[in-house]
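Structural description and commentary
So the chains spell out like this:
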Amino acid sequence: MERKLPIQFYARAGYTWRYGPRGFVFDTTAVEPVPAPSEAAVYQLRNRRRDRYNAVDFSLRRTFAGQCEWFAGYTRSSSRSNAAVDYSIENPVFAPQMPGPFPWDTPNRFHMWGWAPLPKRLLPVKLRVLTRNTTAAYLLEDRTGFPFNVVNEDGFLVGRPGDLRYPAYFNINLHFERKFRALHYLWAWRFGYNNLTANLNPNVVNNVQGTPRFLTYGRGQSRAFSVRLRLLGRK
C-alpha cells in the first residue's frame, strides 16, 4: 500500500507471507545416533519439508523536479525451514535433519539509491562543459550477514544449522554517467567505484572447528573501478 505524504514524498508499507508445505527432502532413517563417516547411512526422500518466509517492508521515495529520484527502504524478514541440513556428495554434512534458517536469511536489510544531474552552479566554470549531460548515481546497502554452518574435522555438524553468521554487509556504489552523440547514435559511458568504502564483506569462511584458521573470513569484492559504454539508440 502506497500513500502520498507532504512535499511530494511517497511512503509504502507491505507484508509478505509465503508457506511451502510438503516439500521433498532427504532425511536419515534414524535420527539418533548420527552415523559416523565410516559407517553406512540410509537417506530417504520424503515430502515433509515446510518452508516459511515472513517479511515486513517500509519504503520512502521522491522525485525532484522530474530530473532526479531518491529511494530508501527497510525490510525485516525471516526465512526458515524445518529441514535446513543440505545433504550433498560434494560437501557432505553428518547430522540429523533439523530446522534452521535458509542460507540467504537476512533479518535486517536497509537499502537506498538515487540519481541526479550534477549541480553546475557548484562547479568551476571549466568543469561545467566537461560535466554537461552528466548524472551521478549511487546505491547503498546495509544488511545482516548470511548464516553458515560449523562442522568439526570429521564433517559432523556442530550446533544447529546456521548457528553463526558472516559479519554485517555494507556496500556503497558511486557512478557517473555522461550521454553523448556519435555516429548518429546516442551513447552513454559510465564510470565509478563499486564498494567505495572498501569494506571486507566476506563471502567465504573457514567453518571447520578445531583448525588453526577457524572462523577466518575471505574478502568479498574489494573496491573496484568500473567503466561501461552503453548504446541508447538512434537519436
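Our structure is the block above this text.
My aim in this report is to walk through the structure given alongside it, one point at a time. This one's a predicted model, so the numbers in the text were calculated from it and none came from an experiment. (Residues numbered from 1 in each chain as written. Predicted model: local features only at pLDDT ≥ 70, side-chain atom pairs only at ≥ 80, totals over all residues. Heavy atoms only, no water.)

Let's talk about the overall build of the protein chain
- Of regular secondary structure, the protein chain possesses one helix and 16 strands.
- With 235 residues in all, the protein chain has 31% of them scored as buried.
- Taking the contacts inside the protein chain whose residues are at least 6 apart along the sequence as the reference set, 61% of them involve residues at least 24 apart.
- Entry remark: accessible area of the protein chain is about 15300 Å², with carbon and sulfur atoms responsible for 57%. (Helix = DSSP H or I, 4+ residues; strand = E, 2+ residues; numbered from the N terminus. Buried < 20%, exposed > 50% of the residue type's maximum accessible area, 1.4 Å probe, protein only. Contact = heavy atoms within 4.5 Å. Areas by Shrake-Rupley, 256 points an atom, 1.4 Å probe, with all protein chains shown as cover.)

Some thoughts on the nonpolar core
- In terms of nonpolar packing, the biggest core is built from six residues, these being Val85, Tyr87, Val93, Ala95, Met98 and Leu157.
- Those residues in contact with Val85, other than ones at most four positions away along the chain, are Val93, Pro96, Gln97, Met98, Leu157 and Pro161. (Core = buried A, V, L, I, M, F, W, Y, C linked by side-chain atoms within 4.5 Å.)

Thoughts on the side chain of Thr106
- Position of Thr106 among the secondary structure elements: in the loop between β5 (100-101) and β6 (108-117).
- Setting aside chain neighbours within four positions, we find Thr106 in contact with Ser77, Arg143, Thr144 and Phe146.

Some thoughts on the packing of aromatic side chains
- In total, this model carries 11 aromatic pairs according to the counting rule given.
- Geometrically, the ring pair formed by Tyr166 and Tyr217 is tilted, given 5.9 Å between the ring centres and 50° between the ring planes. Separated by 51 residues along the polypeptide, Tyr166 in the loop between β11 (164-165) and β12 (169-182) and Tyr217 in strand β15 (residues 217-218) bring together distant segments of the chain.
- The ring of Tyr10 is capped by Arg61, whose NZ or CZ atom sits 4.6 Å from the centre of that ring.
- Taking the ring centre of Phe146 as reference, the NZ or CZ of Arg143 above it sits at 4.1 Å. (Phe/Tyr/Trp six-rings, centres within 6.5 Å; stacked < 30°, edge-to-face > 60°. Lys NZ or Arg CZ within 6 Å of the ring centre and 35° of its normal.)

Concerning the layout of surface pockets
- Its volume calculated, the largest pocket comes out at about 620 Å³.
- If you trace the largest pocket, you find 29 residues lining it, with Ala84, Val85, Asp86, Pro103 and Asn149 closest to the centre.
- The leading source of residues in the lining of the largest pocket is strand β2 (residues 10-28), at three residues.
- Of the residues belonging to the lining of the largest pocket, the class tally is 19 nonpolar, eight polar and two charged. (1 Å grid on protein atoms, 1.4 Å probe; cavity = no way out; pocket = protein on both sides within 12 Å on 5 of 7 lines; lining within 4 Å. Points joined across faces, edges and corners; volume = space filled by probe spheres on them. Nonpolar A, V, L, I, M, F, W, Y, C, P; charged D, E, K, R; others polar.)

A short note on the environment of Leu60
- As for its position among the elements, Leu60 is in strand β3 (residues 43-64).
- The exposure class of Leu60 is partly exposed, given its relative accessible area of 28%.
- Along the primary structure Leu60 and Tyr74 are separated by 14 residues, whereas in three dimensions their C-alpha atoms are 9.3 Å apart.
- If we ignore the near neighbours within four places in the chain, the residues touching Leu60 are Leu5, Phe9, Tyr10, Ala11, Trp70, Phe71 and Ala72.

Observations concerning the environment of Val205
- Among the structural elements, Val205 can be located in strand β14 (residues 204-205).
- Once residues within four sequence positions are removed from consideration, Val205 is found in contact with Phe148, Tyr166, Leu215, Thr216 and Tyr217.

Remarks on the pairing of β6
- Both strand β4 (residues 68-81) and β6 contribute to a ladder of eight bridges, which runs antiparallel. Paired with Gly73 across the two strands is His111, which belongs to β6.
- Across nine bridges, the pairing between β6 and strand β7 (residues 134-143) is antiparallel. Paired with Arg109 across the strands is Arg143, a residue of β7. (Pairing = 2+ DSSP bridges.)

Observations concerning the side chain of Thr75
- Checked against the element boundaries, Thr75 lands in strand β4.
- Given the relative accessible area of 16%, Thr75 is considered buried.

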